[in-house]
Amino acid sequence: MTGFPWLTVLVVLPLAGAIAVFAANERSIKVTALAVAVANLLISLPLWWLFDASSGEMQFVESARWIPSLSINYRLGLDGISLPLVLMTTVLMPLCILISWHSIEIRMRSFMAMLLIMESAMIGVFTALDFVLFYVFWEAMLIPMYLLIGIWGGPNRLYAAIKFLLYTLAGSVLLLVAILVLYFQGGQTFDILQLSQGTYSHSLQFWLFLAFFAAFAVKVPMFPFHTWLPDAHVEAPTAGSVILASVLLKMGTYGFLRFSLPMLPDASQAFTPVMVVLSIVAIIYGAYMALAQSDLKKLIAYSSVSHMGFVTLGLFMFNIQGIEGAVMQMVNHGITTGGLFLCVGMIYERTHSRQIADNTGLTKPMPRYATFLVIFSLSSLGLPGTNSFVGEFMILAGAFLWSKIATAFALLGIILAAAYLLWMVQRVAFGVPDPHILPKLRDVNLREMITVVPLVVLIFVIGIFPNPILTRMHPSVEKVIARVFPPAAEHASVIPRMTPFTPSVERITAPTGPMFSQETKTASEGRP
Amino acid sequence: MIYALIPLLPLTAFLILGLAGRHINARAHLVAVPAVLLSLALSVGAFIEVASGSVISLPLYTWLTSGTLDIHIGLHIDRLTAVMLLLVTGVSSLVHVYTIGYMHGDPGYARFFGYIALFTFSMLMLVLADNLLQLFVFWEAVGLCSYLLIGHWYERASACAAATKAFLVNRVGDFGFMLGLLLVWYSFGSLNYLDIFPALHEATEVTMNLLGPFGGTWEVSVFTLIALLLFTGAVGKSAQVPLHVWLPDAMEGPTPISALIHAATMVTAGVFMVARLAPIYNLSPTAMSVVAITGAVTMVLGATIALTQTDIKRVVAYSTVSQLGYMIMACGLGAYASGMYHLLTHGAFKALLFLGCGSVIIALHHEQDMRHMGGLKDKLPITYWTFVVGSLALAGFPLTAGFFSKDDILVSAWSSGDLGRTLTLLGLLTALLTAFYSFRLVFVTFWGTSHVDPHHAEHLHEPSRTITTPLIILAVFSVLTGYLGIPSFLEPIFQTGGEPAVPHGSDGLMIMAAATAMGLIGMAAAYYVYVLNPDLPERLARQWGRLYRGSLNKWYVDEAYDCLFVRPTLAAASKLWKHVDVHVIDGTVNGIARAITWGGWLLRLVQSGQTQHYALAMAVGIVVLTAYLLL
């Protein structure tokens, strides 16, 4: 490990940048913010090569005592699961700043500062190795996001902002309780790695799982806790939507993977049927919702519910294909959905409408824009050759080992995804534009090109060469699997040849233990 | 290694056109045509190498590894691939040349060339694949190209709708393909053909209980399941019943791509897939019967619809559906070589017919309705004569390529058991219908009196040489491919150590005679109806009104799907959103918020801040407490 404090720099630099933005003079606000975000991106990139792909341990670990009397430490680290997520965040931030260049009309200074504070907190969440530190970052994300929606949002912004805040806060409170319980049960430590090694009684795991679930399921968002998402997206400014969809939603699935699975392996197993059912419902239900939307942002918001259903499905398969597919899908969803929201933002800047019916026939006046929209849509519907196919395919493969029927249902979501996205493309990109809006439809300019082209490149690079990401992920994911479901790890690495259909039957019945009947109830009523 | 260039050249052309198309525009063909011609030359080289008996394997790179999911991208060239390479690069080259004339002056000239280059790349990678996932990836990629090209004229609403429909219908098929693919991986731990095929015999006894999760018992052979699931994909891609509905609509695309994608190459991918996976299909008689019957139904259905269509491209499109049915039926009866043979000859003559249609369409300034044509044979002699050659081949006229290949299918079918015999009879019936509708097309379009718009009739002339040359070359191949010994070239691949090729003998001669007779009767009938008695069709249509309208409206399949799937799905989506999402779920959330606010308001009443209220409450409390303690 090099002595350079990579992760601290990544967390602190944007924060310092936010202060610099407050101090900067009126004309250099945007440039300062952009420079900070780009600098953070450049600092994060070497991690990709410095990262030791053969190790599943935390790397670039930094440790300092913070509140020794409670054994709270400042500890950051990175493994194969958080590495791609951190990089995705640093890639997206400059794009978010660029897309807000002209679209933010009031309080530019605070806006840019909020974006940078957001970046600090998000990187902090992905790298924290101390539970208290994690919780601080976790809660710290809420405030800038609340302000982003509440100040720079659309007409109904206050409702959406408060809904977002209360929804997530309600979950977070239970998370805090769970953290405290773990502290006392796990040997008076907040060290995440140490807590991940401990063993806890079944009933404790059960309650802790529910508490974690409350926090993470709201963030993902899983059905039926998703209704804050469309509202938040519709009201949020473009950059807010991008951060929300691309990074914030990943916090939930990251939480499941980092905490629920390794700390509560027995409860995770026991809850698998519930999680699978909720995931599949989210996949299909979200897709149906997307079909019914006439507002572009709502359509993409519901498509996120559907796509995140794939992620939770993959996570709870406890095999390497499922979990790696889930992490891939987190990154891919960030790239693709981020791109879609950027596209919506661009058209909103021109026509001041997000209604599909108001934005039609864009290919003729805006050929480049249409090309980007089509590429992001194709990626979102999981076309092979694009990034999303990799993640979806791996999740489906992982799911197939567990249950063929679940896989078939999840596949239905892929058909529906093609339906709502292509129907949207058909209406928005093709056809003849309304002559009234025609003068407003100038094609994508250089600044906007710079915001979307990196994502387009990533879509194809990951789609065609996914292995470099996966090789960095293998050891870390194997570690989680070994922790959660030791027999599953064997299943994942050795498919029993020629006796194909026995394991799945065992696995379907195995988790249906005595806890199952209670869980279905709690899962359906567990709303604050 | 040089053979990796076969797909890479068109890919390079696509990348150049995609990135710099704006600057190249009218010179786009200078990039695309040489690339695909070079590919053709290399394919010929590969063909010669493979014909001498060798198999070329060319691993490229590792796509992804995750546990046992280990997928490599690679090229595999055996005899089956080699003939497909020739077909794809050959037809693609001709279509590229044809496009120079056909799309001249189109604002999307470079884009069009870019997409057909991308298509050529994808289709080549599809046939070159050495594993099922690569096949699937490029299976989707050709579907994407088809989508983009059908919607080439994106300002036309019907073209966009057709493009979306094509993609969606194929997605439905791919649902099964994906499950089949996962089942193969699950059962064999690999997706490589060369790993799967040798391992097949180990699993002949493996069955899967389909009703297991529901507590029932329905044991199905894993091969039947794999074969049928994968076949679902073929049903979509090769436009078989019940997923045939997208192909006729796909005619909204420019005619060169109808010839290349929707006749000669992409739509035959399903047939190719079944032939490629013959070792799997051979192990499941159930699946084979399903394949054969699906093919036969499609064959008859397509022909009956083609009888009455008035758009020339749609006639040819339904004829494609019908001919694909022949090929699939042949594969289902185990006659893979015959199916592939027909695939190749059909590739030549159907591409010819489509390009001929295009020549007519462009001469008439984008008129496609047969009723506004007629008497074109003197004005467009090259188009006419080549079109006649193509129609003769389609109708199975003796000594054309179509005659040999169709005959090969029927003879093989006849000698493959009871099901085969029944289906042979259907095949003969379809041969009659085929001959009838193809010559109806010839007579109505090229013979008789002219119904051409007088504006265009004056300066009606043969299109440019880039259009007519491909027609002539394809006309030659529509005859020549019958004499190249293709079935015997392909037969060795499908020999799995089972029984040898079917004995032909006198039955063979009888079928051949019957098929020839059917073709001639059909042609004669068309001559009688459309040349000798031009007012007969209308009378027939009136007399058989119900049948006529059924055929004209494609047996109302589209309408049925609209009622059964499309509208209910959209309605359900909208209802679910309004009632469940907005009312129930969000209603609950807002309800909780309101309940809390209301609770807060109630509690606030208590805290009035007035001392006498508190004193009263205290007094009441004391009374209640005392009462409780006393009682």
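Preceding this paragraph is the structure being described.
If you're wondering where the values come from, they're calculated on a predicted model, not measured in any experiment.

*Asks:* What am I meant to see in empty space enclosed by the protein here?
*Replies:* Picture a little ball the size of a water molecule; that probe, rolled over the atoms, points out where space is still empty. If you walk through the whole model with that rule in mind, you get 11 cavities of 30 Å³ or more. Lining of the largest cavity is provided by 14 residues; of these, Leu 411 and Ile 414 of chain A together with Phe 136, Arg 171 and Met 178 of chain B occupy positions nearest its centre. Of all elements in the fold, only helix 15 (387-402) and helix 16 (404-428) of chain A together with helix 5 (132-150) and helix 6 (157-188) of chain B reach the threshold of two or more residues within the lining of the largest cavity. Counting residues per element, the lining of the largest cavity draws most heavily on helix 6 of chain B, at 4 residues. For the lining of the largest cavity, a count of residues per class yields 9 nonpolar, 1 polar and 4 charged.

*Asks:* Before we go on, may I ask you to explain helix 24 (residues 545-552) of chain B in this structure?
*Replies:* Helical periodicity: at 3.6 residues per turn, an α-helix aligns residues three or four positions apart in one direction. Residues of helix 24 of chain B that are buried: Gly 545, Gly 550 and Ser 551 of chain B. Looking one or two residues beyond helix 24 of chain B, the residue adopting positive phi is Lys 554 of chain B, at roughly 55°.

*Asks:* Any chance you could explain the side chain of Ser 100 of chain A here in plain terms?
*Replies:* Residue and element names in this part refer to chain A. As for its position among the elements, Ser 100 is in the loop between helix 3 (82-99) and helix 4 (108-127). Its relative accessible area of 1% is what places Ser 100 among the buried residues. Looking at Ser 100, its side chain comes within polar contact range of the main-chain oxygen of Cys 96, at 2.8 Å. Apart from residues no more than four positions distant in its own chain, Ser 100 is found in contact with Met 108, Phe 111, Met 112, Leu 115 and Ala 239.

*Asks:* I would appreciate a short explanation of the packing of aromatic side chains in the present structure.
*Replies:* Each aromatic ring pair is characterised by the separation of its centres together with the angle its planes make. Residues and elements named next belong to chain A. Taken as a whole, this structure holds 52 aromatic pairs over all chains when the rule is applied. With centroids separated by 4.2 Å and ring planes inclined at 15°, the aromatic side chains of Tyr 183 and Phe 190 adopt a geometry described as stacked. Here Tyr 183 matches Phe 190 in class, with each residue buried. A centroid spacing of 5.6 Å and a plane angle of 25° characterise the contact between Phe 212 and Phe 216, whose relative ring orientation is stacked. Pair noted here: Phe 212 and Phe 216 are both in helix 8 (residues 202-219), with a separation of 4 residues, about one helical turn. The same class applies to Phe 212 as to Phe 216, namely buried. The ring of Trp 423 carries the charged tip of Arg 427 above its face, separated from the ring centre by 3.7 Å.

Conventions and cut-offs
Residues numbered from 1 in each chain as written. Chains lettered and ligands numbered in written order. Predicted model: local features only at pLDDT ≥ 70, side-chain atom pairs only at ≥ 80, totals over all residues. Heavy atoms only, no water. 1 Å grid on protein atoms, 1.4 Å probe; cavity = no way out; pocket = protein on both sides within 12 Å on 5 of 7 lines; lining within 4 Å. Points joined across faces, edges and corners; volume = space filled by probe spheres on them. Helix = DSSP H or I, 4+ residues; strand = E, 2+ residues; numbered from the N terminus. Nonpolar A, V, L, I, M, F, W, Y, C, P; charged D, E, K, R; others polar. Buried < 20%, exposed > 50% of the residue type's maximum accessible area, 1.4 Å probe, protein only. Polar contact = N/O pair within 3.5 Å; in protein donor to acceptor, adjacent residues only side chain to side chain. Contact = heavy atoms within 4.5 Å. Phe/Tyr/Trp six-rings, centres within 6.5 Å; stacked < 30°, edge-to-face > 60°. Lys NZ or Arg CZ within 6 Å of the ring centre and 35° of its normal.

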